[in-house]
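# Structure assessment
Listed here are the chains, written in short residue letters.
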Amino acid sequence: MSKHFNLAVDADGIALITMDSPGRSMNVLGPEVERELAVIVDQVVADAAIRGAIITSGKPSFLAGYDLTEFLRSFGPQLTPVQVYENFTGLGRLLRRIETCGKPFAAAINGLALGGGLELCLACHYRVIADDPKAFVGLPEVKVGLLPGGGGTQRMPRLIGVTQSLPYLLEGGNIAAAEAKKLGLVHEVVPAADLIAAARRWLLGSPVAVQPWDQKGYRVPGGVAFASAGATQTFMGATALVAKKTLHNYPAPAAILSCVYEGTLLPIEKGLEVESKYFATLVTGPVARNLIRTMFVNKGNADKLSVCPADVPKSKVTKLGVLGAGMMGAGIACVSAMQGMEVILIDSTAEQAEKGRAYSARLLAKDVEKGRRTQEQAAAVLARIKPTVDYAQLEGADLVI
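Just so it is clear, the structure is predicted and the values come from calculations on it, not from any experiment.

## Details of the sheet that holds strand β8 (residues 175–176)
Read from one edge of the open sheet, three strands run β5-β7-β8, paired in mixed fashion. Here the strands that pair on one side only, and so sit at the sheet edges, are β5 (113–114) and β8.

Okay, here's the thing in structure tokens:
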């Protein structure tokens, strides 16, 4: 009996594996989830009546990555890199099992797939994503001092090339559905209602269950260091940029560069070993633990108002005043308008106030270009920001910054 997954096999021999962890708003990875998925994969492989499998989610999101609270409990400072490498690399082995088991797996991505969620998708032989602004993918581990430890630093470059992969690995940004299709990270973008049907169509076509990097004669798109001048120059530039931004105080970006550089020169199995070793080093260092505790655990508690006195009622800001349309004021105005607030953006001159609003216009234009918002949605956000020099416009504001 599985707690986190439901397995159903239809008359055509297509297995539908649905993730739906009880008591959670999002599916997340953890030791128990990994063990259950491993058992289900073994069932799919052993059952001769099953011709292929679809992995999807019963929640609005697909899979949000690893449970970082569980991460802090599991990877304490008492562990050495060797202990982590030997005892906590089960996800990597599981994903390699999926892609080499001989049966085709398709990922039906109905919502966000981040970190280990995207790594699970990349281990599947086919990926279909819903045409929905809430359906996006990404590898954000660098933001908490880690690297993708389930094969992300090896599969993404092997799929779309080193040069295209590094910005997403080093910056950890989200990738909208249309952009993911353009890059080659997913095969199809379909209406949400057609997601499972599209994955079934591919499986019923009797596909070959072999990843590109496991096929004879495979080469990394665009080449690797030493074999491609472009790739070599990319690493040179990225190494210098990382050193400039981190001053060598933030080890994750440098470790990601090393994983991609070393790993793509090797067969996939050896590349995954390289990734696991760098991951183990980051996990046992203080930077990742401190970033996770500050940027995830403590920030989450603050967002939930967990230390707010019980007798203080919650308040809602619908109209916000921002005095000063410089870099900080313009940024506050932008994120507030995105949350639905009417923003009165005041500066000493109309020109300065308009300049602050233009900052939001540029950001929203990028969102439209990348498929994160429609033109109509962007226009609605921008319309909420009212640049002015008239302090009387602050009348009725719930808060002034």
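## Topic: the nonpolar core
Counting 87 residues, the largest nonpolar core has Phe62, Phe105, Leu120, Leu146 and Met156 as the members making the most contacts within it. The element contributing the most residues to this core is helix α11 (residues 251–263), with six residues. The residues touching Met156, leaving out its near neighbours within four places in the chain, are Leu118, Leu122, Leu139, Gly161, Ser165, Tyr168, Leu169 and Leu185. In this structure, Ala333, Ala337, Met341 and Leu364 belong to the second largest nonpolar core, which totals 13 residues.

## Considering helix α14 (residues 327–338)
Between its terminal C-alpha atoms α14 stretches 17 Å, which fits the 16 Å expected from twelve residues at 1.5 Å a residue. Three or more residues of α14 are buried, namely Gly329, Ala330, Gly331, Ala333, Cys334, Ser336 and Ala337. In the core, the buried residues of α14 are packed alongside β10 (319–323), β11 (342–346), α15 (350–369), α16 (375–383) and β12 (385–388).

## Here's the deal with the packing of aromatic side chains
Per the stated rule, a full pass over the model turns up four aromatic pairs. Aromatic side chains Tyr126 and Trp202 sit 4.7 Å apart centroid to centroid with 10° between the ring planes, which places their arrangement in the stacked category. One end of the pair, Tyr126, is in strand β6 (residues 126–130); the other, Trp202, is in helix α9 (residues 195–204), and 76 residues separate them in sequence. The pair Tyr126 / Trp202 is uniform in exposure class, with both members buried. For the pair Phe235 and Tyr261, a centre-to-centre distance of 5.0 Å together with 80° between the ring planes defines the contact as edge-to-face. With Phe235 in helix α10 (residues 229–246) and Tyr261 in helix α11, this pair connects stretches of sequence that are 26 residues apart. What links up through ring pairs into an aromatic cluster is the set Phe226, Phe235 and Tyr261.

## Regarding the packing of helix α4 (residues 90–100) against helix α5 (residues 116–123)
When two helices pack together, their arrangement is given by the angle between the helix axes and by the axis-to-axis distance. In the contact formed by α4 and α5, the axes pass within 8 Å of each other and the chain directions differ by 25°. Between α4 and α5, the angle is such that the two are roughly parallel. The segment α4 lies against α5, with Leu95, Ile98 and Glu99 engaging Glu119, Leu120, Leu122 and Ala123. Class assignment for the residues of the contact of α4 with α5 results in five nonpolar, no polar and two charged.

## Remarks on unusual backbone geometry
At Ser206, a residue that is not glycine, the phi angle is positive and equals roughly 55°. Take Ser206: it is sitting in the loop between α9 and α10. Of note, His248 is a non-glycine position whose phi angle comes to about 65°, a positive value. Along the chain, His248 turns up in the loop between α10 and α11. With relative accessibility at 70%, the residue His248 sits in the exposed group.

## Details of the environment of Pro148
Positionally, Pro148 belongs in the loop between β7 (136–138) and α6 (152–160). Pro148 gets classed as buried once you look at its relative accessible area, which sits at 1%. Spatially, the C-alpha atom of Pro148 lies 8.2 Å from that of Glu275, the residues being 127 residues apart in sequence. Setting aside chain neighbours within four positions, we find Pro148 in contact with Glu119, Leu139, Glu141, Thr153, Leu169, Ile256 and Glu275.

Conventions we followed
Residues numbered from 1 in each chain as written. Predicted model: local features only at pLDDT ≥ 70, side-chain atom pairs only at ≥ 80, totals over all residues. Heavy atoms only, no water. Pairing = 2+ DSSP bridges. Helix = DSSP H or I, 4+ residues; strand = E, 2+ residues; numbered from the N terminus. Core = buried A, V, L, I, M, F, W, Y, C linked by side-chain atoms within 4.5 Å. Buried < 20%, exposed > 50% of the residue type's maximum accessible area, 1.4 Å probe, protein only. Contact = heavy atoms within 4.5 Å. Expected span 1.5 Å × (residues − 1). Phe/Tyr/Trp six-rings, centres within 6.5 Å; stacked < 30°, edge-to-face > 60°. Axes fitted to C-alpha atoms, helices over the stretch in contact; angles between N-to-C directions. Parallel < 35°, antiparallel > 145°, perpendicular 65-115°, else oblique. Nonpolar A, V, L, I, M, F, W, Y, C, P; charged D, E, K, R; others polar.

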